[in-house]
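# Descriptive structure summary
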Amino acid sequence: ILVVVCVIVSYYVWSAGEKEVTAGEALSDAVAATLSGGNRAESADAYLKVAAAHPGTSAGARALLAAAGALFTQGKYAEAQAQFQKFTRDYPDSPFRSQAMLGVAASLDALAKPEEAARAYKELIDRHPGEIVVPQAKFALARIYESQNKLNEARSLYEEIARAQGYSSLCNEAGIKVEELRPKLPATLSEP
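Below or above, wherever it landed, is the structure these notes cover.

Cut-offs used in this document
- Residues numbered from 1 in each chain as written.
- Predicted model: local features only at pLDDT ≥ 70, side-chain atom pairs only at ≥ 80, totals over all residues.
- Heavy atoms only, no water.
- Helix = DSSP H or I, 4+ residues; strand = E, 2+ residues; numbered from the N terminus.
- Contact = heavy atoms within 4.5 Å.
- Areas by Shrake-Rupley, 256 points an atom, 1.4 Å probe, with all protein chains shown as cover.
- Salt bridge = Lys/Arg side-chain N within 4 Å of Asp/Glu carboxyl O.
- Phe/Tyr/Trp six-rings, centres within 6.5 Å; stacked < 30°, edge-to-face > 60°.
- Buried < 20%, exposed > 50% of the residue type's maximum accessible area, 1.4 Å probe, protein only.
- Axes fitted to C-alpha atoms, helices over the stretch in contact; angles between N-to-C directions.
- Parallel < 35°, antiparallel > 145°, perpendicular 65-115°, else oblique.
- Left-handed = near helix turned anticlockwise from the far one by under 90°.
- Nonpolar A, V, L, I, M, F, W, Y, C, P; charged D, E, K, R; others polar.
- Core = buried A, V, L, I, M, F, W, Y, C linked by side-chain atoms within 4.5 Å.

This part covers the overall build of the protein. Secondary structure assignment for the protein yields ten helices and zero strands. In the protein, the order of α-helices and β-strands from amino to carboxyl end is α-α-α-α-α-α-α-α-α-α. For the protein, contacts bridging at least 24 residues in sequence account for 45% of all contacts bridging at least 6. Summed over its atoms, the accessible surface of the protein is roughly 11,000 Å², and 58% of this surface lies on carbon and sulfur atoms.

Let us look at the pattern of salt bridges. Summed over all chains, the structure comprises nine salt bridges. D126 is paired through a salt bridge with K122; the nearest N and O atoms lie 3.1 Å apart. Remark: K122 and D126 occur in helix α6 (residues 114-127); sequence separation between them is four residues, near one turn of the helix. If you follow the salt bridges from partner to partner, you end up with E146, K177 and E180 in one network.

According to the stated counting rule, one finds three aromatic pairs in the structure shown. Seen in terms of ring centroids, F87 and Y91 are 5.3 Å apart; in terms of plane orientation they differ by 40°. Their pairing is tilted. You'll find F87 and Y91 in the same group, each marked buried.

With that out of the way, let us pick up the packing of helix α5 (residues 97-110) against α6. The geometry of α5 relative to α6 is characterised by a closest axis approach of 7 Å and an angle of 160° between their N-to-C directions. By the angle between their axes, α5 is roughly antiparallel relative to α6. In this structure, α5 meets α6 at a crossing whose hand is left-handed. In this structure, α5 uses R97, S98, M101, L102, A105, A106, L108 and D109 to contact α6, whose residues at the interface are E116, A117, A120, Y121, E123, L124 and R127. For the contact of α5 with α6, the per-class residue count stands at nine nonpolar, one polar and five charged.

Attention now moves to the environment of R62. Here R62 is to be found in helix α3 (residues 58-73). Residue class for R62 comes out partly exposed when judged on its relative accessible area of 38%. Measuring from C-alpha to C-alpha, the distance between R62 and S94 comes to 9.6 Å, with 32 residues separating the pair along the chain.

What follows deals with the side chain of K177. With respect to the helices, strands and loops of the structure, K177 is situated in helix α9 (residues 169-181). For K177, a relative accessible area of 19% gives the class buried.

On to the nonpolar core. Judged by nonpolar contacts, the single largest core of 48 residues is most densely connected at F84, F87, Y121, L141 and Y158. Elements that contribute at least two residues to this core include exactly α2 (40-53), α3, α4 (77-90), α5, α6, α7 (134-147), α8 (151-164) and α9. Here L141 is in contact with A118, Y121, K122, I125 and L157, once residues within four sequence places are set aside.

Right, let's get into the side chain of E159. Mapped onto the secondary structure, E159 falls in helix α8. Assessed through its relative accessible area of 18%, E159 is described here as buried. Residues within four places of E159 in sequence aside, it is in contact with V178 and R182.

A few words on unusual backbone geometry. In this structure, A112 is a non-glycine residue whose phi angle is positive, near 60°. Position of A112 relative to the elements: it lies in the loop between α5 and α6. Of note, N149 is a non-glycine position whose phi angle comes to about 65°, a positive value. The residue N149 is located in the loop between α7 and α8 in this model. Since its relative accessible area comes to 59%, N149 is described here as exposed.

Shown next as structure tokens:
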């Protein structure tokens, strides 16, 4: 019985490894086709095919995220949003989940749905405070707040970014936004 169990476990481990290898090769082929001059529409389709053919694999996850990004770049925001959401549902433990959440929020933002985008950015900020994409989410949320005339909330987020990001361009831009907001705020609130 022990030998049979060992054989079954060994086969399962080998099979899972082979699935990952096959999926990785398919993703590499899709990337190579994209880099060799394929148009963006074809790249999204190629990535979606890899994701559909290899669900549950890390390469399938990366392909789905790449497809969503390609759709966003093409201006197909509703389709991109759907694929980013599919990624967050299908790969909840992925280290790229926060990037997909940012993609959902950015897609909503691009679709001119500021309330929904603000909720999505806020959810990302609250759920994944230490992720690398959080400053981008904060900046986008601050921009939405500014457009909604929620100037104190916008200023607060811009200040957080300016303090936390060191010398990045986002930090510099946030600092500029803080200075632009100062004259718009009441005197007591515009002090640093």
